[in-house]
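Examination of the molecular architecture
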Amino acid sequence: MNKQQTINIKTKAVLPVGILAIAFLGAATLLATSQRLEPTQPDPIATVVRAINIHPEMVRMTVHAQGAVSPRTESDLVPEVSGTVVWVSPNLVSGGYFEHGALLLKVDDRDYQNSVERAEASIRRAEAENQLAQFNLIRSIELETQQLISQADLESAVRTANVAEAVLQDARVVLEQAERDLERTEIRAPFTGLVRSERVDTGQFVSRGTSVASIYGSDYVEVRLPIADSQLAYLSIPLTQRGELDEADAPIATLSANFAGIEQKWLGRIVRTEAEIDATSRMVHAVARVRAGEDGNKMSPPVGLFVQADIEGRLVDNVIVLPRAALRNDSQVLLIDSDNRLRYRTVEILRIYRDEIYITEGLNEGEVVCISPLQTVVSGMLVSPVYSSATEG
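Rules of the game
Residues numbered from 1 in each chain as written. Predicted model: local features only at pLDDT ≥ 70, side-chain atom pairs only at ≥ 80, totals over all residues. Heavy atoms only, no water. Helix = DSSP H or I, 4+ residues; strand = E, 2+ residues; numbered from the N terminus. Contact = heavy atoms within 4.5 Å. Expected span 1.5 Å × (residues − 1). Buried < 20%, exposed > 50% of the residue type's maximum accessible area, 1.4 Å probe, protein only. Pairing = 2+ DSSP bridges. Salt bridge = Lys/Arg side-chain N within 4 Å of Asp/Glu carboxyl O. Phe/Tyr/Trp six-rings, centres within 6.5 Å; stacked < 30°, edge-to-face > 60°. Lys NZ or Arg CZ within 6 Å of the ring centre and 35° of its normal. Core = buried A, V, L, I, M, F, W, Y, C linked by side-chain atoms within 4.5 Å.

A separate point is the side chain of Ser140. Mapped onto the elements, Ser140 comes out in helix H2 (residues 110-145). Among all residues touching Ser140, those that are not within four sequence positions of it are Ile149, Leu154 and Ala157.

Structure representation (structure tokens):
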């Protein structure tokens with residue numbers, strides 16, 4: 001092996017060692033001259049929540065109820081005389097409409113006409129006999145004054161005159177009864193209303209006291225609304241009220257229902273409350289009345305329709321109304337302080353109704369309440385409130 005080859009072999013052996021030494025030296029230099037990193041904590045991210053500014057106001061309480069529409073008056077049409085039906089009104093059918101005093105049914109009146117004529121004849125005969133008896137009494141008094149007849153004859157004349165007068169009075173009563181029976185052969189509507197059902201036709205014999213139709217009034221309808229006794233505190237109805245309320249004290253009730261594919265509304269009034277509490281449901285029934293043509297009602301709600309009712313209650317001042325989602329732990333809400341941090345506040349709740357809560361104490365004018373339904377809340381948690389246009393400021 002020559003000298004040149006020996007040098008090449010040594011160079012190949014030393015070169016990797018030199019590269020490694022230079023690398024270690026550079027790494028050590030970097031570690032010695034690098035800056036030490038200090039640990040840092042990231043800033044907390046504020047949770048975005050919906051908020052509302054507190055503004056106490058005067059609020060009218062509302063009580064919700066529901067019930068079915070029933071007629072004011074419902075009765076059976078009953079003839080007061082017996083006989084054969086000779087005419088039936090075309091309106092005397094199920095759903096037929098009639099006015100007060102309209103003729104609905106006629107019974108054969110020939111027998112009753114004869115009774116009237118016989119009664120009139122009896123009156124004429126009784127009048128003639130009474131005239132004769134009175135004439136004989138006057139003559140007997142004159143004769144007795146002249147002592148031409150005895151006292152017994154005078155008493156007999158007085159008795160005859162009294163009997164004749166009584167017979168005349170009886171004949172007049174019989175005529176009055178006969179005329180009344182004749183008038184009853186025409187059955188007329190006792191009120192304005194509708195026919196629920198009918199059970200009579202021409203040629204049918206009807207008996208006195210037998211129902212021939214079922215009818216009900218249509219001038220106004222009523223709705224029995226069951227209300228929990230705890231809800232009565234929100235209505236301005238005197239607890240000692242008996243009978244119907246004065247119009248000035250009668251709360252307005254707005255009835256609504258989906259009828260004929262359209263949402264319909266009717267305005268009525270609570271006219272009375274029933275005197276007893278239902279033993280099963282523990283409810284008090286208030287009665288709402290709706291008149292056709294009153295308060296813009298073109299027609300009354302149909303009988304049998306199931307309606308929802310919103311009853312106007314009493315006015316309460318200094319009440320704060322919040323969404324139900326703002327309530328925490330049954331009696332607390334979340335306030336947002338000036339640093340945008342959440343704080344618990346205990347409040348006094350007057351009422352929880354549908355999706356709203358009514359607060360009377362515990363909050364002040366201008367404070368901000370969180371109304372977002374947060375899952376986890378820690379007192380002092382940072383938030384970013386967002387005000388809607390309806391509640392901002």
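Further remarks concern H2. The first and last C-alpha atoms of H2 sit 53 Å apart over 36 residues, in line with the 52 Å expected at 1.5 Å per residue. Considered for burial, the residues of H2 that qualify are Tyr112, Val116, Ala119, Ile123, Ala126, Asn130, Ala133, Leu137 and Ser140. Looking at the buried positions of H2, the neighbouring elements they touch are helix H3 (151-184). One or two positions beyond H2, positive phi appears at Gln147, with a value near 55°.

Two strands pair when backbone bridges link them, and strand E1 (residues 47-53) and strand E21 (residues 383-387) are joined in this way by five bridges, in the parallel orientation. Within E21, the position partnered with Ala51 by the bridge is Tyr387. Sheet analysis places E1 next to strand E20 (residues 368-370), joined by three bridges and oriented antiparallel. Following the sheet pairing, Ile52 is matched in E20 by Val369.

What follows concerns the sheet that holds strand E4 (residues 83-88). The strands making up a sheet associate through backbone hydrogen bonding, with each pair oriented either parallel or antiparallel. Strand order in this open sheet of four strands is E7-E6-E4-E9, and the pairing throughout is antiparallel. On the outer flanks of this sheet lie strand E7 (186-188) and strand E9 (205-206), each paired with one strand and no other. As paired elements, E4 and strand E6 (residues 103-107) share three bridges and run antiparallel to each other. Within the sheet, the bridge partner assigned to Val88 lies in E6 and is Leu105.

This part is about the pattern of salt bridges. Evaluation of the coordinates by the stated rule reveals 14 salt bridges. When the shortest N-O distance is used, the salt bridge between Arg196 and Glu74 registers 2.7 Å. In this pair, Arg196 sits in strand E8 (residues 193-198) while Glu74 sits in strand E3 (residues 74-77), placing the two residues 122 residues apart along the sequence. Overall, the relative accessible area of 37% leaves Arg196 in the partly exposed class.

Further remarks concern the packing of aromatic side chains. Counted under the stated rule, the structure contains one aromatic pair. The ring of Tyr220 carries Arg72 above its face, with NZ or CZ at 5.0 Å from the centroid. Positioned above the aromatic ring of Tyr353, the side-chain terminus of Arg351 is 4.2 Å from the ring centre.

The next thing to look at is the nonpolar core. One recurring pattern in soluble globular proteins: nonpolar side chains tend to sit buried together. Residues Leu225, Ile227, Ile270, Val307 and Ile311 are the most contacted members of the largest nonpolar core, which totals 32 residues. Within the residue set of this core, elements represented by two or more residues are strand E2 (57-71), strand E11 (220-228), strand E12 (252-259), strand E13 (262-277), strand E14 (283-291) and strand E15 (306-323). Excluding its chain neighbours within four sequence positions, the residues that come into contact with Ile270 are Leu225, Ile237, Leu245, Ala250, Pro251, Ala253, Ala286, Val287, Ala288 and Ile311. Counting residues in hydrophobic clusters, the runner-up holds 17 residues, among them Val88, Val107, Val195 and Ile215.

Geometry only, nothing functional implied.
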